[in-house]
Amino acid sequence: MSEYGYTISIDGKFVSEPDAKVSVLDHGFLFGDSIYEVVRTVDGKLFAADRHLARLHGSAEKLNMQLQRDDQWLLQHWRDMHAKRGGVESYLRIIITRGVGPLSLDFTDCEKQTVIGIAKPLNKWPDHDYAHGCKIVLAQVRRNPKQSTDPAVKSGNYLNNVLALQEARAQGATEAVMMNVQGHVTEATTSNVFMIKDGVVKTPALKEGLLEGVTRGFILQVCQKLEIPCEEAVFTGDELLGADEVFITGTTRDVMPVGFIGDHKIKLTPGSLTIKIANAYHEMLHDPNNHQ
Ligand code: PDD
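Residues numbered from 1 in each chain as written. Predicted model: local features only at pLDDT ≥ 70, side-chain atom pairs only at ≥ 80, totals over all residues. Heavy atoms only, no water.

A. Examining the domain arrangement of the protein more closely. Splitting the protein by domain gives domain 1 (7-121) and domain 2 (127-290). Of note, the centres of domain 1 and domain 2, computed from C-alpha atoms alone, are 25 Å apart. When the buried area of domain 1 at its contact with domain 2 is split by residue, Phe47, Arg51 and Arg55 rank highest and sum to 34% of it. At the junction of domain 1 and domain 2, the tally comes to one salt bridge. Between Asp254 and Arg40 there is a salt bridge, with its nearest N and O atoms 2.7 Å apart. If you list the elements that add at least two residues to the side of domain 1 that touches domain 2, you get strand E3 (34-42) and helix H2 (49-62). Of the residues assigned to the side of domain 1 that touches domain 2, the class counts are eleven nonpolar, four polar and six charged. (Domains from an automatic or database assignment. Buried area = accessible area lost by both parts, 1.4 Å probe. Salt bridge = Lys/Arg side-chain N within 4 Å of Asp/Glu carboxyl O. Helix = DSSP H or I, 4+ residues; strand = E, 2+ residues; numbered from the N terminus. Nonpolar A, V, L, I, M, F, W, Y, C, P; charged D, E, K, R; others polar.)

So, in structure tokens, the structure goes:
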């Protein structure tokens, strides 16, 4: 156990935190040339690991990375990380880097990918944020366009998100929403964004440049099931401010209602549709069909 209480593995071997070291020539360290996925447990089982694996493959393909570990290995390692940690519910991150190679952007000589596992207790966000809505901000930092490293890739390149979160923290907020260069809403630093106006749920379309959140996907399914009108749409920060209800979603946050965007109070917090959607999502979380 480290001073943070994390359970760590390198290339499948569990190591103590002081021994958890990778080479300075690992391209993950040098260039952020890595991908990752975060799976959580529900009732001690992996939740939606199949969807996380599919996204991991998508990330790898977009970076021309042929994964050296197969799905069975990755699934088992997520399970082993949870078992090794020994707690109730876990946050389980697997990072795959390009590996060690010469000091060059060229990765042809990086032969062996580095696989790192980090497990910790599942985040506990303040109850107040669920009961009364959290505070978020609209960041000045823009989400990088799809034509650069596509934000659909869950990569080790999170510097824009790091800077945006710093803006949030400076204003006492939990999350920061980033626009793209056109000024359209994309997503927050580690969560997706939804708005509700006149009974219609909207979330930014993937073409705006964002991560296709696993939770986002479940929420789209939930809306369909509950017959709540739902659109993948294009909207601006001003439209978000004018919403009746706003919520953010992610593996650790589930559905978190938004009470304030900066100093602007959202009309209904939490609104009745947000509550309905959150409850239906909780049922999906505990559905054994979604466990691996
Ligand atoms: N982050 N957008 C970004 C940029 C993210 O990093 C994440 C997840 C999400 C939500 O996706 P999902 O519903 O699949 O968790 C959206 C994880 C939790 C993290 O980095 O810890």
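Continuing now.
B. Quick look at the nonpolar core. The biggest cluster of nonpolar side chains holds 22 residues, and the ones touching the most others in it are Phe47, Val201, Phe218, Ile219, Phe247, Ile277 and Tyr281. In terms of residue count, helix H8 (residues 272-285) provides more of this core than any other element does, seven residues in total. The residues that make up this core include at least three from each of domain 1 (7-121) and domain 2 (127-290). Here Ile277 is in contact with Val201, Ile219, Val222, Cys223, Ile228 and Phe247, once residues within four sequence places are set aside. Within the second largest apolar cluster, 20 residues are counted, among which are Ala49, Met65, Leu75 and Ile96. (Core = buried A, V, L, I, M, F, W, Y, C linked by side-chain atoms within 4.5 Å. Buried < 20%, exposed > 50% of the residue type's maximum accessible area, 1.4 Å probe, protein only. Contact = heavy atoms within 4.5 Å.)

C. Representation of helix H6 (residues 214-226) within the structure. For H6, built from 13 residues, the straight-helix expectation of 18 Å at 1.5 Å per residue is met to within 8% by its first-to-last C-alpha distance of 19 Å. Considered for burial, the residues of H6 that qualify are Val214, Thr215, Arg216, Phe218, Ile219, Leu220, Val222 and Cys223. One or two residues past the end of H6 sits Glu227, with phi positive at roughly 55°. (Expected span 1.5 Å × (residues − 1).)

D. Layout of the pairing of strand E12 (residues 230-233). Of the strand pairs in this sheet, strand E11 (residues 200-204) and E12 are connected by four bridges, and their pairing is parallel. Within the sheet, the bridge partner assigned to Thr203 lies in E12 and is Glu232. (Pairing = 2+ DSSP bridges.)

E. Expanded view of the packing of H2 against H6. For the pair H2 and H6, interaxial distance at closest approach is 10 Å and the crossing angle is 125°. In this view, H2 runs oblique relative to H6, as classed from their interaxial angle. Handedness of the crossing formed by H2 with H6: right-handed. Residues Arg51, His52 and Arg55 of H2 touch H6, and the partners they reach there are Val214, Gly217, Phe218 and Gln221. Broken down by class, the residue content of the contact of H2 with H6 amounts to two nonpolar, three polar and two charged. (Axes fitted to C-alpha atoms, helices over the stretch in contact; angles between N-to-C directions. Parallel < 35°, antiparallel > 145°, perpendicular 65-115°, else oblique. Left-handed = near helix turned anticlockwise from the far one by under 90°.)

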